[in-house]
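Here is how the chains run, residue by residue.
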Amino acid sequence: MNTENHSQTAAFLWSIADLLRGDFKQSQYGRIILPFTLLRRMECVLESTKEKVLAAAKAHQTKPDLVREKLLLRAADQQFFNASPLSLGTLSDTQTADDLMSYVQSFSPDAREIFEHFRFDEFVLQLDTSNLLYQVVQRFAATDLSPRTITNFGMGIIFEELIRKFAESSNETAGEHFTPRDIVHLTTSLVITEQDHKLKPNSIVTIYDPTAGTGGFLSEGDEYIQAISDKVTVSLHGQELNPESYAICKADMLIKGQTVSNIKLGNTLSEDQLTANHFDFMLSNPPFGVEWKKVQKQVADEHKQRSFEGRFGPGLPRVSDGSLLFLLHLVSKMRDPQEGGSRIGIILNGSPLFTGGAGSGESEIRRYLLQNDRVEAIVALPTDMFYNTGIATYVWILSNRKPEPRQGQVQLIDGTEHFSKMRKSLGSKRQYLNEEQIEDLVRIYGRFEETTQSKIFPVDAFGYRRITIERPLRLAFQVTAERVKAVLAEKQMQKLDGAVQNRLITALSGMDGETVYLNRSQFTKDLKAALKGQKVELKTQQIKALLNSLGERHPEGDICQSKGKPEPDTGLRDYENVPLGQSIYDYFDREVKPHVPDAWIDEGKCDGLDGEVGIVGFEIPFNRHFYVFEPPRPLAEIDQDLKVCTDRIKQMIEDLSA
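To start, this report covers the structure provided alongside it.

The rules we used
Residues numbered from 1 in each chain as written. Predicted model: local features only at pLDDT ≥ 70, side-chain atom pairs only at ≥ 80, totals over all residues. Heavy atoms only, no water. Helix = DSSP H or I, 4+ residues; strand = E, 2+ residues; numbered from the N terminus. Rg over C-alpha atoms; globule rule 2.2 N^0.38 Å. Buried < 20%, exposed > 50% of the residue type's maximum accessible area, 1.4 Å probe, protein only. Contact = heavy atoms within 4.5 Å. Areas by Shrake-Rupley, 256 points an atom, 1.4 Å probe, with all protein chains shown as cover. Phe/Tyr/Trp six-rings, centres within 6.5 Å; stacked < 30°, edge-to-face > 60°. Core = buried A, V, L, I, M, F, W, Y, C linked by side-chain atoms within 4.5 Å. Salt bridge = Lys/Arg side-chain N within 4 Å of Asp/Glu carboxyl O. Arc of directions from axis to C-beta. Pairing = 2+ DSSP bridges. Axes fitted to C-alpha atoms, helices over the stretch in contact; angles between N-to-C directions. Polar contact = N/O pair within 3.5 Å; in protein donor to acceptor, adjacent residues only side chain to side chain. Parallel < 35°, antiparallel > 145°, perpendicular 65-115°, else oblique. Left-handed = near helix turned anticlockwise from the far one by under 90°. Nonpolar A, V, L, I, M, F, W, Y, C, P; charged D, E, K, R; others polar.

## Describing the overall build of the protein
Regarding its fold elements, the protein presents 26 helices and 19 strands. Relative to a compact globule of 658 residues, whose C-alpha radius of gyration would be 26 Å, the protein shows 35 Å and is clearly more extended. Its C-alpha atoms give the protein principal-axis dimensions of about 110 × 80 × 65 Å. Within the span of the protein, comprising 658 residues, buried residues form 51% of the whole. Across the protein, every contact between residues at least 6 apart in sequence was considered, and the portion connecting residues at least 24 apart equals 76%. Accessible area for the protein stands at about 32,300 Å²; split by element, carbon and sulfur atoms hold 49% of it.

## Examining the packing of aromatic side chains
Going through the model one piece at a time under the given rule, you end up with 13 aromatic pairs. Both rings, one in Phe107 and one in Phe115, keep their centres 5.8 Å apart while their planes meet at 20°; by these two values the pair is stacked. Per residue, the accessibility class of Phe107 equals that of Phe115, and both read buried. With a centroid separation of 4.9 Å and 65° between ring planes, the pair formed by Tyr517 and Phe523 is classed as edge-to-face. The same class applies to Tyr517 and to Phe523, which are both buried.

## Observations regarding the nonpolar core
In terms of nonpolar packing, the biggest core is built from 102 residues, with Leu20, Phe36, Leu39, Leu88, Leu100, Leu127 and Ile225 touching the most fellow members. Those residues in contact with Leu88, other than ones at most four positions away along the chain, are Leu39, Arg40, Glu43, Leu100, Tyr103, Val137, Gln138, Phe140 and Ala141. Phe312, Ile346, Val375 and Phe618 belong to the second-largest nonpolar core, a separate cluster that totals 41 residues.

## Section: the pattern of salt bridges
Applying the stated criterion to the full structure yields 33 salt bridges. Linking Arg573 and Glu470 is a salt bridge whose minimum nitrogen-to-oxygen distance equals 2.8 Å. Of the two residues, Arg573 is situated in the loop between β16 (565–566) and β17 (574–579) and Glu470 in strand β12 (residues 463–470); the sequence distance between them amounts to 103 residues. Judged by relative accessible area, which is 2%, Glu470 ranks as buried. The salt bridge involving Glu567 is made with Arg520; its shortest N-O contact spans 2.7 Å. Here Arg520 lies in helix α22 (residues 520–533) and Glu567 lies in the loop between β16 and β17, a separation of 47 residues in the sequence. Judged by its relative accessible area of 19%, Arg520 falls in the buried class. Among the ionic contacts, a cluster of salt bridges with common partners joins Asp110, Glu113 and Lys250.

## Digging into helix α7 (residues 120–129)
Since the α-helix advances by 3.6 residues per turn, residues separated by three or four positions end up pointing in the same direction. When α7 is considered as a whole, its buried residues turn out to be Phe120, Phe123, Val124 and Leu127. Seen from one end, α7 has its buried residues packed into an arc of 105°, which puts them on one side. Away from its buried face, by an angle of more than 90 degrees, α7 presents the exposed residues Leu125 and Thr129. Where α7 is buried, its residues contact α2 (29–46), α5 (96–105), α6 (109–117) and α8 (133–141). Just downstream of α7, Asn131 is the residue with a positive phi angle, here 60°.

## Notes on the sheet that holds strand β1 (residues 204–209)
In space, the nine strands of this open sheet follow the order β3-β2-β1-β4-β5-β7-β6-β8-β11, with mixed pairing throughout. Pairing within the sheet leaves two strands with one partner each, and these edge strands are β3 (263–265) and β11 (454–458). Across the sheet, the axes of successive neighbouring strands diverge by a mean angle of 15°, strand direction being ignored. Direction of pairing for strand β2 (residues 233–240) relative to β3: parallel, over a ladder of three bridges. Counted as the bridge partner of Gln239 is Lys264 from β3. Against the sheet, helix α13 (residues 243–255) engages β2 and β3, with an angle of about 165° to β3.

## Overview of unusual backbone geometry
Positive phi is not limited to glycine here, since Asn202 has a value of about 70°. Tracing the backbone through its elements, the reader meets Asn202 in the loop between α11 (181–192) and β1. Of note, Asp384 is a non-glycine position whose phi angle comes to about 60°, a positive value. Mapped onto the elements, Asp384 comes out in the loop between β6 (375–380) and β7 (393–399).

## Points about the environment of Gly315
Residue placement: Gly315 occurs in the loop between α14 (296–306) and α15 (323–332). Those residues in contact with Gly315, other than ones at most four positions away along the chain, are His303, Leu328, Gly361 and Ile365.

## Quick look at the environment of Lys264
The topology assignment puts Lys264 in strand β3. Between the C-alpha atom of Lys264 and that of Gln239, which follows or precedes it by 25 residues, the distance is 4.5 Å. Once residues lying within four places of it in the same chain are set aside, the contact partners of Lys264 are Gly238, Gln239, Glu240, Tyr246, Gln273 and Leu274.

## Topic: the side chain of Asp607
As for its position among the elements, Asp607 is in the loop between β18 (600–601) and β19 (615–618). Within the structure, Asp607 has its side chain in polar contact with the backbone nitrogen of Leu609 (distance 2.9 Å). Setting aside anything within four residues of it in sequence, one finds Asp607 in contact with Arg367, Arg465, Glu612, Gly614, Ile615 and Val616.

## Description of the pairing of strand β4 (residues 281–284)
Side-chain alternation along β4 places Phe281 and Leu283 on one buried face and Met282 and Ser284 on a second face that is also buried. Judged from the two bridges that link them, β1 and β4 form a sheet pairing that is parallel. Within the sheet, the bridge partner assigned to Tyr208 lies in β4 and is Met282. When β4 meets strand β5 (residues 343–349), the two strands line up parallel, connected through four bridges.

## What to know about the pairing of strand β10 (residues 429–432)
Pairing of strand β9 (residues 420–426) with β10, which is carried by three bridges, proceeds in the antiparallel orientation. Across the sheet, the residue bridging to Ser420 is Tyr432, located in β10. Hairpin remark: β9 followed by β10, antiparallel, with two residues in the connecting loop; positive phi at Gly427, about 65°.

## Let's talk about the packing of α2 against α8
The geometry of α2 relative to α8 is characterised by a closest axis approach of 10 Å and an angle of 45° between their N-to-C directions. Judged on the interaxial angle alone, α8 and α2 are oblique. Handedness of the α2/α8 crossing: right-handed. When α2 is examined against α8, the residues Ile33, Phe36, Thr37 and Arg40 are found in contact with a partner set consisting of Leu133, Val136, Val137, Phe140 and Ala141. In terms of residue class, the contact of α2 with α8 is made up of seven nonpolar, one polar and one charged.

## A closer look at the side chain of Gln542
Along the chain, the position of Gln542 falls in helix α23 (residues 540–550). A residue is classified by how much of its surface remains accessible, and Gln542, at 8% relative accessible area, is buried. In terms of polar contacts, Gln542 uses its side chain to reach the backbone amide nitrogen of Lys539, at 2.9 Å. If we ignore the near neighbours within four places in the chain, the residues touching Gln542 are Gln492, Met493 and Leu496.

See below:
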């Protein structure tokens, strides 16, 4: 059966939704069509062994549940069974709902769970109340979805088509659970291309998606490998948070004959349900800019208690965006390079490239990935590619077994001009990648050459060392009436009792209000003498508050000293980012000293990992590397355009006045 026939079958199945018009919202169609399609396919798959299963069910009805299940699975010769004598075609027209639910309850636990997550019983009740259930059942019962007519691969295509239609019919939320097929195809192609050593005949390849959604990446990965290799077994694994998406994904895996127990329900960040597993290929489209506050405690505890033995050793990003946590999770699932290593394709928005300065969680994560040579390539995608957002997005390709020419290098690819306009927008998705454009991007990646669209950098090119530049504190002091008022407003001074406050005012008033002190030590000496004369005893913090109120920054003031060293002025503190590999002192002498001769580097600010002066940071300023300067138009040309415009306005006014 060819792809065109698959599309026709999918279109026919979706057309059954015409019965639902008026009684159900369009966004609900998929919640009915998908589980009924699955039910009919499962029924057709089990048809050849149905009598055998019924006989086994009767023979083993008194045995413990687990033993009975294993025996029925063996009789069905599938990963699921149904022990009911009913079928969609034999359901009663008078008690269809009761018969149908009895039929579904007779499936093996894995299959039954799928229908529970679809909330199938609720929709069956609604269909029954609307007097539509029997008609819908009969339509599906008359559809031939048997393995003789449609292979598992073909059924996967049909199911994918239905999932796509489901996503399109509810496109306001589709992007949360469904990645557009063109993006999936590009990412999969980039990750699996040139991996012949992993795809030898009779080998087993594992693919994993920690944000599986409806299983698009898993299905595409499976199809891609089957298309380019021979006799390779693909084992699919995933975890998904949303119960309905999980049900769709699990159903798709069941239809393809995959081990459905490898698809897990739950939050990957707080509860990794495939802890011991490592994978050959990993593909993911985690949610963009979604906070991880709900799982903050579990993630922070793992980071603190397990460090690099856990998933989040390098650092934690800010709580407003958890996408880098998914990236770290995937890196922790990589196979040992000696065992063939792993490759990752993950779609991220722009913030993981540059958000967070030196020493931040985001920067430390980038540092870990780059310095451990995990990042192979980053591809910038066009905008308006996703259902629920039009923002700029990027495909990161990571590997722990880079080919020799790529070792220590990162390839940046500008794919922003690779797009075709859609005839009809789907939510925010207005553009797509056609097959030719996808192939072109994969070729650019594969050639690994410097071009206008491809830039290659050593990993340290993205690193810098942030040094703290200090300048000395210079103050001038004067005891004016206005400043004395400011002294009394200080909290430290307000703690004094009234008599002491009066003596303090007398002491300050006795000082020369015209004299401007340019030396803090001299002023402090005279101030203490005045206070002593009025028997005012102040604590160190109160003296400090006095000096703050009576002094102000002055460019001609003497440098304030503290323990024999110049005291830094926090208001003049600045930072410089020195590219990694350059001497911070040479940079300072060249770029800073000529402009501020009295400045110095704070050598107490050292990096936590290498111990050297300055904090190491990493960022990937993607757009800067592809920026092409366009000089402004000549002024004469702009003036000419303005003249044409003003002349046109004048003419319009004259026409109105005529």
